[in-house]
Amino acid sequence: DMSPEEVAFQDKVDADIKIEPRDWMPDGYRKTLIRQIGQHAHSEIVGQLPEGNWIARAPTLERKMILLAKVQDEAGHGLYLYSAAETLGVTRDELTEALLSGKMKYSSIFNYPTLNWADIGAVGWLVDGAAIMNQVPLQRTSYGPYSRAMIRICKEESFHQRQGYDIMMKMAQGTPEQKKMAQDALNRFWYPSLMMFGPSDAESVHSAQSMAWKIKINTNDELRQKFVDQTVPQAEYLGLTVPDENLKWNEEKGGYDFSEPDWSEFFDVLKGNGPCNNDRLNARVNAWEDGQWVRDGLLAHAEKKAARKVA
Ligand code: FAQ
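Residues numbered from 1 in each chain as written. Predicted model: local features only at pLDDT ≥ 70, side-chain atom pairs only at ≥ 80, totals over all residues. Heavy atoms only, no water.

- An unreviewed UniProt entry lists the chain under the name 1,2-phenylacetyl-CoA epoxidase subunit A, from Thalassovita aquimarina.

Next comes the structure, spelled out in structure tokens:
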């Protein structure tokens, strides 16, 4: 049974009227948004690490400048998203603490290593490609601040995807060794990219309620299917092979049949056992500790200014 407030809330959601920070909302709606937006913000921040690792080793000055700009965009995305989460009554410090203590998640994909330059192409092409597939519908999510953050983020994310595809194109059209590197990067990033959409619909605990609240617009499997359908022709154009023997066009459904990722690997990565979980979390903990003097300095300065005003 829904209370009158809940009925009025659901009517607004059903009528596609945005929910704003001061509006009444069910506790579960607020909690789910804090979880999803917070995890999304953490993903942008942790997501800087695999690529940041390659800024100093980019093959040309132009590639270095482009990658630097992309990684800076990710920092910006993290900040808009933390701000959106803060409108729900949680502080940035609380979210950071939850990330650093391992209470909050970030996307599984960032627990895989970037071993060589082709991986930076694969991250842009596949990881940003999957991110956009998920984020374009989120522009219509029911919570106003999240929706507005998504509109801006999607514009930048499409540039990110193109820069990744451009690297892949160069590698795939390069020497036989370069083409081999591109294929190897695709082989390693394909299934982890499919995992980004979350578990199968049958295993997705939050989807039904999140879709009723229009926090999510599509199910995990719907978006995964769209991603495969969009990406396979791109791989063909590159002359690369998607590492899936079961991949086959299905005329009837108007999409590809494909193999599911190894879900036991996915759940294992979520538990902290992926190849880079420790490295990623340690990098964030160290960054937080190394920045203590900046926070102390800012606080001391603010206190001095406040004291001067009183005097
Ligand atoms: N990784 O019931 P569901 C980017 C968890 S893009 C880790 O289906 P939900 C851009 C889930 O939290 C990446 N955990 O959950 C970039 C839940 O656990 P909990 C970020 C995952 O929320 C590119 C449990 O599994 N994008 O950063 C994952 O309804 C390149 C059950 O799952 C977003 O976050 C996963 N892949 O659906 C940056 C998009 N999947 O919390 C740098 C917004 C599921 O109960 C470089 N988020 N889990 O303990 C969403 O759309 C949703 O949260 C889903 C998951 C679709 C990810």
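### Considering the overall build of the chain
Stage number 1. Scanning the chain from terminus to terminus reveals 13 helices and two strands.
Stage number 2. Relative to a compact globule of 311 residues, whose C-alpha radius of gyration would be 19 Å, the chain shows 21 Å and is just as compact.
Stage number 3. If you line up the chain on its principal axes, its C-alpha atoms span 70 × 50 × 35 Å.
Stage number 4. Split into buried and exposed, the 311 residues of the chain put 47% on the buried side.
Stage number 5. Pairs at least 24 residues apart make up 77% of the contacts formed inside the chain by residues separated by at least 6 positions.
Stage number 6. Accessible surface, the chain as shown: approximately 16,000 Å² in total, 55% of it carbon and sulfur.
Stage number 7. Within the chain, the 45 negative side-chain charges are centred at a point lying 7 Å from the centre of the 36 positive side-chain charges. (Helix = DSSP H or I, 4+ residues; strand = E, 2+ residues; numbered from the N terminus. Rg over C-alpha atoms; globule rule 2.2 N^0.38 Å. Buried < 20%, exposed > 50% of the residue type's maximum accessible area, 1.4 Å probe, protein only. Contact = heavy atoms within 4.5 Å. Areas by Shrake-Rupley, 256 points an atom, 1.4 Å probe, with all protein chains shown as cover. Lys, Arg positive; Asp, Glu negative; His and termini not counted. Charge placed at Lys NZ, Arg CZ, Asp CG, Glu CD.)

### So, the site of the ligand
Stage number 1. Taken together, 35 residues sit near the ligand, with Lys105, Ser204, His206, Lys216 and Asn220 positioned nearest.
Stage number 2. In the environment of the ligand, an oxygen atom lies 3.1 Å from a nitrogen or oxygen atom belonging to the side chain of Gln39.
Stage number 3. Note that a nitrogen atom of the ligand is positioned 3.3 Å from one of the backbone N or O atoms of Met195.
Stage number 4. Contact with the protein chains hides 90% of the accessible area of the ligand, taken as 1,100 Å² for the molecule alone.
Stage number 5. With respect to the detected pockets, the ligand is housed in the largest pocket.
Stage number 6. Secondary-structure elements contributing two or more residues to the shell around the ligand are α2 (27–46), α4 (61–86), α6 (117–138), α7 (144–172) and α11 (263–273). (Near = heavy atom within 4 Å. Polar contact = N/O pair within 3.5 Å; in protein donor to acceptor, adjacent residues only side chain to side chain. 1 Å grid on protein atoms, 1.4 Å probe; cavity = no way out; pocket = protein on both sides within 12 Å on 5 of 7 lines; lining within 4 Å. Sits in = over half its atoms within 2 Å of the grid points.)

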